[in-house]
Amino acid sequence: MAYDVCIVGAGPVGGALGCRLAAAGLRIAMVDRAALPPMEHPDFDGRAYAIAAGSRRLLAEAGLWDALPLPPGPIEQIRVSDGRIGRPASPLFLHFDFNDLNEPGAALGWMIEARALRMALNARLNALPNIDLFAPAEATVTRTPEIAEIRLSTGETFAARLVIAAEGRDSRLRREASIPAQRWPYHQSAIVCAIAHQHPHNRIALEHFLPAGPFAQLPMAGSETEPNLSALVWTERSENAPRFMALSPEQFGHEIQRRLGDHLGAVRPVGRRWTYPLSAMYVHRFTADRLAIAGDAAHGIHPIAGQGLNLGLRDAIALADLLIPAHTAGQDIGSQALLTRYANARRIDVISMLAATDALDRLFSTNFPPIRLARDLGIAAVHRMPRLKRALMRQAMGLGV
């Protein structure tokens, strides 16, 4: 059997892209090493995704947004400040408010529970008639300038005009295509969890910059048992992260409170805790013969601006915006000309976001007093520049400047 596209990796980027392309009439083979049952109801595990306004379009067009079994939590305001552990944050701050944009829509972004997106993806991947799902399975791909041949560990073989590698940072397809990847560690780890809190968050996100790295509180939709919920992304030096992960719930909650402050009242961790080593990655090429790479297979950035998944979803948007019209026009969707257009469309965005997040982490992950004073004054200055604030908001929302 021949497919238009074979996508290897059914995570949020690969899965959303597959659903979008199938909804537009392309024939899709989706391969993933994990089983993807059509109905999945895992317990709340404390993880959530920040989805920018621009990324929501992809999820809506893929049929995923309306299929979410749990409501997204809108982010209407973001407050950025220089934090101080155990003390009030700096009085100089930067505040973003969606209402200042006069844009159609409802928020700067949304928080979606990881389990909700996984459940919607699994249901949609199993339901769309234009998708054949092969999971669990491993793919071996042989590419020529004319076609890609795929052999699965389960014994199936088929051809596709284009293969998309979306299987994560250690992408085997990227390595087999001899695409170099440059990496550099931050010597930091992200501690990810969720908290229940006494007072409502009023749909306001907070980002404190602490010497070990940024500490972000992100508003989530509440539940019947926990009406006030937020996600946390706590960046800590890698050598210290295991100690915090080993704390009792009460001790862990105390450390969160010291960094967060008292504006949400008493806090209590809920669900599991997760920790991830942080590093940056950039690939030298986004394509090879009959191959495009997307998502974490193509780049990795610091989570300081909450743009990691959105950067990958913008890869998917760029591919969909190229592949769907080409398919409709009867063109070769795996041609080198089309792949070059994809690479050119993504290169500047990825390099710009990588450079910006790297610079922000280096600027804010220090306790050197002159630098702290300079960045506090810079934050306060941007707060008083409405046009610049609107441009920054639009960029973070994935809407362009």
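See the structure shown above.
Right, let's walk through the structure included here. All values derive from a computational prediction rather than experimental measurement. (Residues numbered from 1 in each chain as written. Predicted model: local features only at pLDDT ≥ 70, side-chain atom pairs only at ≥ 80, totals over all residues. Heavy atoms only, no water.)

### With respect to the pairing of strand β12 (residues 181–197)
Right, so step 1: As defined by bridge partners, β12 adjoins strand β16 (residues 267–283) across 14 bridges and the pair is classed as antiparallel. Note on β16: the bridge partner recorded for His-197 is Val-267.
Right, so step 2: For β12 and strand β15 (residues 229–237), the ladder comprises 9 bridges, and the chain directions are antiparallel. Along β15, the bridge assignment pairs Ala-194 with Ala-231. (Pairing = 2+ DSSP bridges. Helix = DSSP H or I, 4+ residues; strand = E, 2+ residues; numbered from the N terminus.)

### A few points about the nonpolar core
Right, so step 1: One finds Val-5, Ile-150, Ile-164 and Leu-323 to be the most contacted residues of the largest nonpolar core, which totals 89 residues.
Right, so step 2: Looking at which element gives the most residues to this core, the answer is helix α7 (residues 308–328), with 12 residues.
Right, so step 3: For Leu-323, the residues in contact, after removing those within four places along its chain, are Val-5, Leu-21, Leu-26, Leu-162, Ile-164, Ile-333 and Leu-338.
Right, so step 4: Ranked by size, the runner-up nonpolar core spans 16 residues in total, among them Ile-195, Leu-232, Ala-241 and Leu-264. (Core = buried A, V, L, I, M, F, W, Y, C linked by side-chain atoms within 4.5 Å. Buried < 20%, exposed > 50% of the residue type's maximum accessible area, 1.4 Å probe, protein only. Contact = heavy atoms within 4.5 Å.)

### Re the environment of Asp-296
Right, so step 1: Summarising the element assignment, Asp-296 is placed in the loop between β18 (291–293) and β19 (299–300).
Right, so step 2: Judged by its relative accessible area of 44%, Asp-296 falls in the partly exposed class.
Right, so step 3: For Asp-296 and Leu-311, which are 15 residues apart along the polypeptide, the C-alpha to C-alpha distance reads 9.0 Å.
Right, so step 4: In this view, Asp-296 contacts Gly-168, Arg-169 and Met-281; residues no more than four positions away in its chain are not counted.

### Topic: the environment of Gln-217
Right, so step 1: Here Gln-217 lies in strand β14 (residues 213–220).
Right, so step 2: Placed 10 residues apart in sequence, Gln-217 and Glu-207 show a C-alpha to C-alpha distance of 6.4 Å.
Right, so step 3: The residues contacting Gln-217, other than those within four sequence positions of it, are His-201, Ile-204, Ala-205, Leu-206, Ser-230, Ala-231, Leu-232, Leu-260, His-263 and Leu-264.
Right, so step 4: Looking at Gln-217, its side chain comes within polar contact range of the main-chain oxygen of Ile-204, at 3.4 Å. (Polar contact = N/O pair within 3.5 Å; in protein donor to acceptor, adjacent residues only side chain to side chain.)

### Remarks on the packing of helix α1 (residues 12–23) against α7
Right, so step 1: Contact geometry for α1 and α7: axes closest at 9 Å, N-to-C directions at 25°. The orientation of α1 with respect to α7, classified from their angle, is roughly parallel. Seen from above, α1 lies across α7 with right-handed handedness. Contacts from Pro-12, Val-13, Ala-16, Leu-17, Arg-20 and Leu-21 of α1 reach α7 at Leu-309, Gly-312, Leu-313, Ala-316, Leu-319, Ala-320, Leu-323 and Ile-324.
Right, so step 2: For the contact of α1 with α7, the residue count by class is 12 nonpolar, 1 polar and 1 charged. (Axes fitted to C-alpha atoms, helices over the stretch in contact; angles between N-to-C directions. Parallel < 35°, antiparallel > 145°, perpendicular 65-115°, else oblique. Left-handed = near helix turned anticlockwise from the far one by under 90°. Nonpolar A, V, L, I, M, F, W, Y, C, P; charged D, E, K, R; others polar.)

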